[in-house]
Amino acid sequence: MASNERGLGGRALIVLVPYLWLASFFLIPFLIVLKISLSDDVLAQPPYAPVLDLSKGWEGIREFVAVLDLENYAFVLGDPLYLYSYLQSVSIAALSTAILMLIGYPIAYAMARAPLSLRPILIMLVILPFWTSFLIRVYAWMGILAREGLLNQVLVGLGIVSEPVEILATNSAVVLGIVYSYLPFMVLPLYAALDRLDDSLLEAAADLGASPWKSFWLVTFPLSLPGLVAGALLCFIPAVGEFVIPDLLGGSDTLMIGRTLWTEFFSNRSWSIASVIAVLLLIMLVVPMVLYQNIQARSLEVGR
Amino acid sequence: MNVALDREMRPNGAPREFAPWKDPSLSPLIHFEGVTKRFGDVTAIADLSLAIYEREFFALLGPSGCGKTTLMRVLAGFETPTEGRVVLAGEDLVGVPPYRRPVNMMFQSYALFPHMSVFDNVAFGLRQDKMPKDEIAARVAEMLKLVNLKGLERRKPDQLSGGQRQRVALARALAKRPKVLLLDEPLAALDKKLREQTQFELMELQVKLGMTFMIVTHDQEEAMSVADRIAVMDHGRIVQMGTPTEIYEQPATRYVADFIGDVNLIEAKVTGRDEKGVLLQSDMPTPLRAATEADVAAGAAVAIALRPEKVKITARKPAEATENCVRGVVTGIAYLGDFSIYRVTLENGFVFKAARPNVTRVTDQPITWDDKVFLSWTPEAGVVLTR
């Protein structure tokens with residue numbers, strides 16, 4: 001009995017670790033941000049009020065809570081600038097994710113069908129860009145896409161266009177940057193799903209009269225869906241909040257939410273509005289997360 | 001022991017005599033003609049020719065790596081023969097992709113589609129044929145009834161037991177009423193009891209549907225139980241083909257005799273022949289005689305294959321025994337319930353296996369370890385093998 005209890009204690013401890021981790025690095029910071037989003041901006045250090053004063057005891061807490069309100073939320077939701085930012089973030093992220101799926105699927109499929117000896121090299125090639133700093137790679141794209149950059153030189157040199165094309169500082173450049181940077185996050189989960197696929201299932205489909213094309217749509221594709229969904233969410237969620245790529249490759253009219261947040265925080269010194277944007281973004285992203293979890297749970301049931 | 005089921009024992013009043021391969025007026029349904037399959041340097045099938053007739057239950061039997069699965073995959077279309085032709089119902093199949101061949105296969109791993117229900121799995125092939133919806137529903141229901149899976153239509157494969165999955169795989173392969181059903185080690189994943197029961201069900205099904213079945217197995221008991229004819233394969237060649245009885249009672253080579261069932265192989269030299277068979281000499285401390293029609297000249301080196309159940313084990317020397325009788329000590333007994341297998345070590349070190357049916361529950365004079373015993377057999381019991 002005693003050993004059993006000790007075993008239970010040990011198990012509880014192991015279960016506790018991730019919860020402690022989440023509490024200290026996600027929940028507490030989030031509560032702080034949430035609190036700031038309910039506060040008012042002041043010219044002080046820190047630049048928001050009220051500040052919780054525990055020395056006054058219960059009275060202090062009551063005063064503190066009484067001052068918190070939702071007026072910042074009303075402001076953000078009422079100003080079309082922020083709504084526009086959110087919409088543009090989501091549409092750029094969605095377009096990028098769609099392009100990533102179209103490019104990533106054939107790559108992952110070809111990798112999963114490649115000879116076994118070649119696969120480690122192919123995986124290596126997909127991961128290799130990670131070995132260079134993300135920032136440097138995005139800067140490199142600036143050099144490629146600039147008005148006098150590599151791409152325009154090639155296009156003009158080949159006579160495809162007579163005048164250099166404006167690519168840098170457009171939304172297209174942002175989409176391109178996201179697609180380039182996030183490709184491994186699409187390819188790897190897809191590859192994992194396709195690699196797991198039992199070849200005998202395709203043989204069975206062929207045996208029962210399905211042409212290779214139909215076998216793909218009836219067997220391969222549905223069984224790779226969990227990988228596709230995982231890849232899409234791994235790309236879409238960070239792409240919505242992306243800051244560096246729109247900042248470096250986007251134009252002045254590329255108003256993605258990450259950039260708006262940065263402006264509020266550093267240029268306008270409005271911590272409370274920045275916090276509101278962050279909280280709303282989180283709520284927006286929780287919805288696809290929950291969706292993803294559901295699909296994961298379903299695929300686990302199927303895969304068992 | 002091995003139960004060699006002939007057509008006489010078949011359920012449902014099947015024909016007593018079924019031997020289309022003996023009827024010269026019939027042409028075979030499947031004809032492998034000089035098929036060779038090489039994978040790089042490895043020859044999986046070596047110039048193999050084989051004819052299988054309609055409504056036959058045909059077994060390819062051999063150890064793993066003998067080429068039996070490759071041969072079946074050549075027929076299904078998953079492998080292209082390096083040389084030779086495969087003809088099915090008069091049509092040359094080489095170059096025809098698997099999805100256009102009128103054969104269906106039950107995979108060893110079952111290969112059920114995990115994302116589809118039992119119904120959708122069984123209906124998969126029918127949908128490829130663009131069969132009308134109501135006909136599909138009727139056919140699937142019929143198939144599931146045939147394999148006793150009614151009511152499980154909506155289950156997913158992972159919600160089924162191993163035996164149920166095996167039945168779904170069978171129903172799926174049968175649903176299109178193929179000209180030939182290919183069974184790749186269909187029962188390997190089932191436990192012994194379920195396997196034996198399923199063997200009988202397979203035989204019943206094959207007779208009921210009047211279809212041609214081809215089974216690949218490494219289990220000789222399974223092959224002997226279900227098949228009309230067996231081809232024993234070794235290194236990409238067929239070493240013997242015949243009914244289970246022929247294969248068991250008249251093995252053609254030492255390899256077949258050893259692979260099918262238990263056997264005592266006595267290497268011997270022919271010394272002469274009289275009206276009762278050939279006389280042989282070996283390092284056994286007894287003159288040997290074996291009845292054979294084989295044309296063996298004096299001096300030829302042969303082997304006598306002797307099944308354990310044809311060897312008589314006695315405590316006292318049989319009075320009439322002047323030949324085919326040796327003396328030894330019991331060094332091992334395997335009690336199998338219906339039979340006991342005795343391992344008897346002779347003075348020359350040869351270990352003999354003899355089987356004795358346990359017809360009574362209690363024996364007055366049981367033969368036990370370290371007993372001195374006599375082993376004897378009739379000239380008809382042994383088969384003379386030249387290869």
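Residues numbered from 1 in each chain as written. Chains lettered and ligands numbered in written order. Predicted model: local features only at pLDDT ≥ 70, side-chain atom pairs only at ≥ 80, totals over all residues.

Caption draft 1: View of the overall build of chain A. Counting secondary structure elements, chain A contains 13 helices and two strands. The globule rule puts the C-alpha radius of gyration for 304 residues at 19 Å, and the 25 Å found for chain A is more than 25% above it. Considering only C-alpha atoms, chain A reaches an extent of 80 × 75 × 35 Å along its principal axes. Relative to its 304 residues, chain A shows a buried fraction of 30%. For chain A, restricting intrachain contacts to residue pairs at least 6 apart in sequence, the fraction spanning at least 24 positions comes to 70%. (Helix = DSSP H or I, 4+ residues; strand = E, 2+ residues; numbered from the N terminus. Rg over C-alpha atoms; globule rule 2.2 N^0.38 Å. Buried ≥ 20, exposed ≤ 12 C-beta atoms within 10 Å, placed from the backbone. Contact = placed C-beta atoms within 7 Å.)

Caption draft 2: Layout of the overall build of chain B. In terms of helices and strands, chain B carries eight helices and 20 strands. Considering only C-alpha atoms, chain B reaches an extent of 75 × 50 × 40 Å along its principal axes. Scored against the burial criterion, the 387 residues of chain B give a buried share of 40%. Counting only contacts in chain B whose residues sit at least 6 apart along the sequence, the fraction spanning at least 24 positions is 65%.

Caption draft 3: Up close: the packing of helix α4 (residues 80-113) of chain A against helix α8 (residues 171-196) of chain A. Residue and element names in this part refer to chain A. One way to put it is that α4 packs onto α8 with a least axis distance of 6 Å and a crossing angle of 40°. Classified by the angle between their axes, α4 and α8 sit oblique to one another. Here α4 runs over α8; the crossing is right-handed. For the contact of α4 with α8, the class distribution of residues is 23 nonpolar, three polar and one charged. (Axes fitted to C-alpha atoms, helices over the stretch in contact; angles between N-to-C directions. Parallel < 35°, antiparallel > 145°, perpendicular 65-115°, else oblique. Left-handed = near helix turned anticlockwise from the far one by under 90°. Nonpolar A, V, L, I, M, F, W, Y, C, P; charged D, E, K, R; others polar.)

Caption draft 4: Up close: the sheet that holds strand β8 (residues 212-217) of chain B. Residue and element names in this part refer to chain B. Taken in spatial order, the six strands of this open sheet run β6-β7-β8-β3-β9-β10, and their pairing is mixed. Taken across any chain shown, the strands that pair with only one partner, and hence form the sheet edges, are β6 (103-106) and β10 (237-242). Along the sheet, successive strands turn relative to each other by an average axial angle of 20°, direction set aside. In the packing of helix α1 (residues 68-76) onto the sheet, contacts are made with β3 (57-61), β6, β7 (180-184), β8 and β9 (229-234), and the angle to β7 comes to roughly 145°. (Pairing = 2+ DSSP bridges.)

Caption draft 5: Summary view of the nonpolar core. Of all hydrophobic cores here, the largest spans 111 residues; its most connected members are A171, L182 and I304 of chain B. Among the elements that line this core, the one with the most residues is helix α4 (residues 162-174) of chain B, at six residues. Excluding residues that lie within four positions of it along the chain, A171 of chain B makes contacts with V122, M143, L144, L146, V147 and L149 of chain B. Counting residues in each nonpolar core, the second largest holds 47 residues, with A93, L188, C235 and L261 of chain A among its members. (Core = buried A, V, L, I, M, F, W, Y, C linked by C-beta atoms within 7 Å.)

Caption draft 6: Summary view of helix α9 (residues 199-207) of chain A. Looking at α9 of chain A, one finds that the buried residues are L201, E203, A204, A205, A206 and D207 of chain A. Backbone geometry just after α9 of chain A places G209 of chain A at a positive phi near 105°.

Caption draft 7: Structural context of the environment of H218 of chain B. Residue and element names in this part refer to chain B. Here H218 lies in the loop between β8 and α6 (220-226). The exposure class assigned to H218 is partly exposed, which follows from the 18 C-beta atoms found within 10 Å. Spatially, the C-alpha atoms of H218 and R85 are 25 Å apart, while their sequence positions differ by 133 residues. Leaving out residues up to four positions away in the same chain, H218 has contacts with G62, P63 and S64.

Caption draft 8: Structural detail: the interface of chain A and chain B. Across the boundary between the two partners, chain A contributes 18 residues, which contact 19 residues of chain B. Taken together, the elements giving at least two residues each to the side of chain A that touches chain B come down to α9, α10 (212-240) and α13 (271-303) of chain A. In terms of residues, the side of chain A that touches chain B owes the most to one element, α9 of chain A, which gives six residues. The residue makeup of the side of chain A that touches chain B, split by class, is nine nonpolar, four polar and five charged.

Caption draft 9: Representation of the sheet that holds strand β17 (residues 339-346) of chain B. Residues and elements named next belong to chain B. Strands sit in the order β15-β19-β16-β17-β18 across an open sheet of five strands; the sheet is antiparallel. The two strands at the open ends of the sheet, each matched to only one other strand, are β15 (312-314) and β18 (351-357). With strand direction ignored, the average angle separating the axes of adjacent strands in the sheet is 45°.

Caption draft 10: Representation of the pairing of β6 of chain B in the model. All names here are of chain B. A two-sided burial pattern is seen for β6, the buried positions comprising V103 and M105 on one face and N104 and M106 on the other. Sheet topology places β6 next to β7; four bridges connect them, and they run parallel. For M106, the partnering residue across the bridge sits in β7 and is L183.

Caption draft 11: Just the confidence of the model for chain B, in detail. Residue and element names in this part refer to chain B. Mean pLDDT for chain B: 86, with 95% of residues reaching 70 or above. Segment residues 1-15: pLDDT under 50, and 28 contacts once partners within four positions in sequence are set aside and those in other chains are kept. Prediction confidence for the complex, expressed as pTM and ipTM, is 0.81 and 0.82 respectively. (pLDDT = per-residue confidence, 0-100.)

Caption draft 12: How the structure looks around the pairing of strand β2 (residues 42-52) of chain B. All names here are of chain B. Here strand β1 (residues 30-39) runs beside β2; their pairing, made up of seven bridges, is antiparallel. Its bridge partner lying in β2, I30 is registered against I52. Between β1 and β2, which pair antiparallel in sequence order, lie two residues; one of them, G40, sits at a positive phi of approximately 60°.

Caption draft 13: Broad picture of the environment of V42 of chain B. Residue placement: V42 of chain B occurs in strand β2. Taking C-alpha positions, V42 of chain B is 30 Å from G90 of chain B, a pair spaced 48 residues apart along the chain.

Caption draft 14: Spotlight on the packing of helix α6 (residues 134-145) of chain A against α8 of chain A. Residue and element names in this part refer to chain A. Closest axis-to-axis distance for the α6/α8 pair is 11 Å, and the angle between their directions is 140°. With respect to α8, the element α6 is oriented oblique. Here α6 runs over α8; the crossing is right-handed. Residue-level contacts link F134, R137, V138, W141 and L145 of α6 to A173, G177, Y180 and S181 of α8. Of the residues belonging to the contact of α6 with α8, the class tally is six nonpolar, two polar and one charged.

Caption draft 15: Quick peek at unusual backbone geometry. A cis amide bond, omega 0°, links A49 of chain A with the succeeding residue P50 of chain A. Mapping P50 of chain A onto the fold places it in the loop between β2 (48-49) and α2 (58-67). At Y110 of chain B, a residue that is not glycine, the phi angle is positive and equals roughly 70°. Within the element layout of this structure, Y110 of chain B appears in the loop between β6 and α2 (118-128). For Y110 of chain B, a count of 23 C-beta atoms within 10 Å corresponds to the buried category. At H235 of chain B, a residue that is not glycine, the phi angle is positive and equals roughly 50°. Along the polypeptide, H235 of chain B turns up in the loop between β9 and β10.

Caption draft 16: A look at the environment of L306 of chain B. All names here are of chain B. Mapped onto the fold, L306 is located in strand β14 (residues 301-306). According to the C-beta neighbour criterion, L306 is buried, with 24 such atoms within 10 Å. Considered as a pair, L306 and D129 are 177 residues apart in the sequence and their alpha carbons are 53 Å apart. Those residues in contact with L306 that sit more than four places away from it in its chain are V263, N264, I266, V311, W377, A381 and G382.

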